[in-house]
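Here's the letter readout for the chains.
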Amino acid sequence: MGDFKKDIETGRIGEKKTLDFLNSLDITYHVEDVTEDKLWQDLDVDFIYITKNGEIYKIEVKTDTIAHISGNIVYETISNKHYNTEGCFSKSNADMIFYYLSEVDELYYINTYLLREYVSENKNRLNEVDMGDFARGYLLRLKKLLELEIMFKAE
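Note that the structure is predicted; figures quoted are calculated from it, not measured.

Thresholds applied
Residues numbered from 1 in each chain as written. Predicted model: local features only at pLDDT ≥ 70, side-chain atom pairs only at ≥ 80, totals over all residues. Heavy atoms only, no water. Helix = DSSP H or I, 4+ residues; strand = E, 2+ residues; numbered from the N terminus. Rg over C-alpha atoms; globule rule 2.2 N^0.38 Å. Buried < 20%, exposed > 50% of the residue type's maximum accessible area, 1.4 Å probe, protein only. Contact = heavy atoms within 4.5 Å. Areas by Shrake-Rupley, 256 points an atom, 1.4 Å probe, with all protein chains shown as cover. Core = buried A, V, L, I, M, F, W, Y, C linked by side-chain atoms within 4.5 Å. Pairing = 2+ DSSP bridges. Phe/Tyr/Trp six-rings, centres within 6.5 Å; stacked < 30°, edge-to-face > 60°.

**A look at the overall build of the protein**
Argument step 1. A count of helical and extended segments in the protein gives six helices and 10 strands.
Argument step 2. In summary, the protein has a C-alpha radius of gyration of 15 Å against a globular reference of 15 Å for 155 residues, a match within 12%.
Argument step 3. Across its three principal directions, the C-alpha atoms of the protein cover 40 × 40 × 30 Å.
Argument step 4. Per-residue burial over the protein gives 39% buried out of 155 residues.
Argument step 5. Partitioning the intrachain contacts of the protein with sequence separation of at least 6 by distance along the chain shows that 56% fall at a separation of at least 24.
Argument step 6. For the protein, the accessible surface area stands at approximately 9300 Å², while carbon and sulfur atoms represent 49% of it.

See the structure below:
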């Protein structure tokens, strides 16, 4: 199986975990799966989450197979250097990013706005690195994001 197809299948697992988690919450009114909708794909949004009190959140899901070992999450600034395409965390219209560590079955959620603010304020101290598939970005310490209450464990 090709890497791309495997990545898609791995991503679907994270989407399912996120969907199950959201549907298990007492405050959930409705979760709309928009993963197959081209408009929402272009906006990097997987789910529209509606609470019982009428709050609406746009959610993106990322699945990571090595963060449990590295202790880092990946904040792509450029998803492909050849096409100069902006990375997901930078361009996503999501309010929250759910981050699933597939190998240890742990789900986290990240406040997108706080994450961008943190990256913007710390650019001089963060080390931008080349990543696979012609991407560039920052490796952010999972533990640090939890301490700063930018990222939370979904429980």
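**What about the nonpolar core?**
Argument step 1. Ile-73, Tyr-99 and Leu-140 are the most contacted members of the largest nonpolar core, which totals 20 residues.
Argument step 2. Of all the secondary structure elements, the ones that give two or more residues to this core are β4 (72–80), α4 (88–91), β6 (96–101), β7 (106–111), α5 (112–122), β9 (135–141) and α6 (142–147).
Argument step 3. Residues in contact with Ile-73, not counting those within four places in the same chain, are Phe-89, Tyr-99, Ile-110, Tyr-138, Leu-139, Leu-140, Leu-142, Leu-145 and Met-151.

**Section: the pairing of β6**
Argument step 1. Judged by how many residues are buried, β6 sits mostly within the fold: six of six residues are covered.
Argument step 2. Residues of β6 alternate between two faces, with Met-96, Phe-98 and Tyr-100 on one and Ile-97, Tyr-99 and Leu-101 on the opposite face, all of them buried.
Argument step 3. Relative to β6, strand β3 (residues 56–64) runs parallel, the two being bridged by six bridges. Each bridged residue has a counterpart across the sheet, and for Asp-64 the counterpart in β6 is Leu-101.
Argument step 4. With six bridges connecting them, β6 and β7 associate as antiparallel partners. By the bridge assignment, Leu-101 is partnered in β7 with Glu-106.
Argument step 5. Two successive antiparallel strands, β6 and β7, enclose a turn made up of four residues, where Asp-105 displays a positive phi of approximately 55 degrees.

**Section: unusual backbone geometry**
For residues besides glycine, phi is generally negative; the peptide bonds are generally trans as well.
Argument step 1. Its identity as a non-glycine residue notwithstanding, Asp-44 has a phi of 55 degrees, on the positive side.
Argument step 2. Inspection of the secondary structure puts Asp-44 in the loop between α2 (38–42) and β2 (47–51).
Argument step 3. We classify Asp-44 as buried; its relative accessible area is 13%.
Argument step 4. Phi angles above zero are rare outside glycine, and Glu-149 is one such case at about 55 degrees.
Argument step 5. For Glu-149, a relative accessible area of 53% corresponds to the exposed category.

**Some points on the packing of aromatic side chains**
Aromatic rings considered in pairs are described by the distance between their centres and by the relative angle of their planes.
Argument step 1. Applying the stated rule across the entire model yields seven aromatic pairs.
Argument step 2. Centroid distance Tyr-75 to Phe-89: 5.5 Å. Interplanar angle 80 degrees. Geometry classified as edge-to-face. Here the residue Tyr-75 occupies a position in strand β4, and Phe-89 occupies one in helix α4, the gap between them amounting to 14 residues. One exposure class covers both Tyr-75 and Phe-89, and it is buried.
Argument step 3. Summarising the aromatic geometry, the rings of Tyr-75 and Tyr-138 are spaced 6.2 Å apart at their centres and angled 40 degrees between planes, so their arrangement reads as tilted. Of this pair, Tyr-75 sits in strand β4 while Tyr-138 sits in strand β9, and the two are 63 residues apart along the sequence. Neither residue differs from the other here; Tyr-75 and Tyr-138 are each classed as buried.
Argument step 4. In this structure an aromatic cluster arises from ring pairing among Phe-21, Phe-98, Tyr-109 and Phe-152.

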